Amino acid sequence: MDLVQLQRQLVEYRTSLYHEGFLDEQFTQLQELQDENNPDFVVEVVSLFFEDSERLLNELTKALEQQSIDFKRVDAHVHQLKGSSSSIGAQRVQKVCIAFRNYCEEQNVEGCLKCLQQVRHEYSLVKTKLESMFQLEQQILSAGGSIPM
Amino acid sequence: MVMAGESQFHVLAVDDSIIDRKIIQTLLKTLSYQVTTVDSGAKALEFLGLHQDDTTNPNTPSPPNNHQEVEVNLVITDYCMPGMTGYDLLKKIKESSLRNMPVVIMSSENVPSRITRCLEEGAEEFFLKPVRLSDLSKLRPLMLKTKLKDQNQKQEEKAAFQSPKLQQVEQKQQPSNDDKGKAIDEGLSPEKKN
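About the criteria used
- Residues numbered from 1 in each chain as written.
- Chains lettered and ligands numbered in written order.
- Predicted model: local features only at pLDDT ≥ 70, side-chain atom pairs only at ≥ 80, totals over all residues.
- Heavy atoms only, no water.
- Phe/Tyr/Trp six-rings, centres within 6.5 Å; stacked < 30°, edge-to-face > 60°.
- Helix = DSSP H or I, 4+ residues; strand = E, 2+ residues; numbered from the N terminus.
- Buried < 20%, exposed > 50% of the residue type's maximum accessible area, 1.4 Å probe, protein only.
- Lys NZ or Arg CZ within 6 Å of the ring centre and 35° of its normal.
- Contact = heavy atoms within 4.5 Å.
- Buried area = accessible area lost by both parts, 1.4 Å probe.
- Salt bridge = Lys/Arg side-chain N within 4 Å of Asp/Glu carboxyl O.
- Nonpolar A, V, L, I, M, F, W, Y, C, P; charged D, E, K, R; others polar.
- Core = buried A, V, L, I, M, F, W, Y, C linked by side-chain atoms within 4.5 Å.
- Expected span 1.5 Å × (residues − 1).

1. Quick notes on the packing of aromatic side chains
Right, on to step 1. All told, the structure shown has 4 aromatic pairs over all chains when counted by the stated rule.
Right, on to step 2. Look at Phe50(A) and Tyr123(A): their rings are 6.1 Å apart centre to centre, the planes differ by 80°, and that puts the pair in the edge-to-face class. Residue Phe50(A) is found in helix α3 (residues 41-65), and its partner Tyr123(A) is found in helix α6 (residues 109-142); the two are separated by 73 residues along the sequence.
Right, on to step 3. Aromatic side chains Phe9(B) and Tyr33(B) sit 6.4 Å apart centroid to centroid with 65° between the ring planes, which places their arrangement in the edge-to-face category. Of this pair, Phe9(B) sits in the segment before β1 (10-14) while Tyr33(B) sits in the loop between α1 (18-30) and β2 (34-38), and the two are 24 residues apart along the sequence. Like Phe9(B), the residue Tyr33(B) is buried in the burial classification.
Right, on to step 4. Aromatic ring contacts, followed pair by pair, group Phe49(A), Phe50(A) and Tyr123(A) into a single cluster.
Right, on to step 5. Between Arg117(B) and the ring centre of Tyr87(B), over which it is positioned, the NZ or CZ distance is 4.0 Å.

What follows is the structure, encoded as structure tokens:
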């Protein structure tokens, strides 16, 4: 595939991520902060998000496996995940977190377990999509092109 | 009008989220501020040279900074943090010798009573997360105002030790404190509005 095609594919892919609600305006804000002085900013922040989310998902799984569930603890983890997904613009993950917190407040175990499953799913989706997008960007850069905004 | 000088403003950012620390650091650097980030209120107090139970008599004059070498011009802190919340940190700073330090709170939750409480405790601003560049452009006038206030205070303290004649001359050259509105805002990088 030539450079122009790659660039077009990237733009289309990115646009679809916004349309499908995977990413929101906040992701755009992060892209706008990236420049020659900070060329890997978006990848760096997103990598931090991946690491942090995986940690939180593990903690959530453990917390919900307990005989006697500490809902305050579960809520604290979800609050963190909600915050970080909001900070990078991972809208669908954020939305599940909101529902998740409501179940925590109600101390609804089933609801919480359902949300955990959902949030894992949404997280894995956005992770895959962002990784694909970064791969496309790398291909463009390697071909000597620049990333279209 | 007296400019606060070409030295950079130094912002101390406090947030327990590593992602948010990275973002706020980049936002502040984009605005040409010097930035230090810490992950807790306790570390913030340490960096500021305050001990956790450091409350001084509010009637003693406050020196501009009483900590190590680095001068901090503003503290921006997340509200929800384990251990010491942003509100607790705000309170401790306002009860210390650094009570003139501008403090700004950030929160992911829009809770009116929380906002009021923080503003009443002396927070200059309250930003909802995710914080934008446009929010942070409000910081410069806050830091400028405090720097001018500190400079004037220094001038007054100096004048107290000088001869009456010199005092008269100094008074004529005293910069006015009412220049808040004239604080020059350097051009910020344009942001797209959607």
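2. Looking at the interface of chain A and chain B
Right, on to step 1. On the chain B side, the residues contacting the 19 residues of chain A number 17 residues.
Right, on to step 2. Buried area between chain A and chain B, both sides added, is near 1,700 Å², and the carbon and sulfur share of it is 58%.
Right, on to step 3. For the pair chain A and chain B, the interface holds 2 salt bridges.
Right, on to step 4. The partner of Lys22(B) in a salt bridge is Glu44(A), and the shortest N-O contact between them spans 2.6 Å.
Right, on to step 5. Residue assignment for the side of chain A that touches chain B shows that the elements contributing at least two residues are α2 (25-33), α3 and α4 (71-88) of chain A.
Right, on to step 6. Residues belonging to the side of chain A that touches chain B are distributed by class as follows: 7 nonpolar, 7 polar and 5 charged.

3. A word on the nonpolar core
Right, on to step 1. Phe100(A), Leu130(A), Leu28(B), Ile76(B) and Leu136(B) are the most contacted members of the largest nonpolar core, which totals 66 residues.
Right, on to step 2. With near-sequence residues (within four places) excluded, Leu136(B) lies in contact with Ile24(B), Leu27(B), Leu28(B), Leu31(B), Tyr33(B), Ile76(B), Phe127(B) and Val131(B).

4. Focus: the pattern of salt bridges
Opposite charge on two side chains lets them pair, provided their charged atoms get close.
Right, on to step 1. Considering all chains together, one arrives at 15 salt bridges over all chains under this definition.
Right, on to step 2. Among the ionic pairs, Lys129(B) bridges to Asp78(B), the shortest N-O distance being 3.2 Å. Here Lys129(B), found in the loop between β5 (125-128) and α5 (133-136), pairs with Asp78(B), found in strand β3 (residues 74-78); they are 51 residues apart in sequence, far enough to count as distant.
Right, on to step 3. The exposure class of Lys129(B) is buried, given its relative accessible area of 15%.
Right, on to step 4. The salt bridge partner of Lys145(B) is Glu124(B), with a shortest N-O separation of 4.0 Å. Taken together, the residues Lys145(B) in helix α6 (residues 139-159) and Glu124(B) in the loop between α4 (112-120) and β5 connect sequence positions 21 residues apart.
Right, on to step 5. Salt bridges sharing common partners tie together Asp75(A), Arg101(A), Glu109(B) and Arg114(B).

5. Here's the deal with α6(B)
Right, on to step 1. If you check α6(B), its first and last C-alpha atoms are 30 Å apart, about what 21 residues at 1.5 Å a residue would give, namely 30 Å.
Right, on to step 2. Here α6(B) has its buried residues at Leu139(B), Arg140(B), Leu142(B), Met143(B), Leu144(B), Thr146(B), Lys147(B), Leu148(B), Asp150(B), Asn152(B) and Ala159(B).

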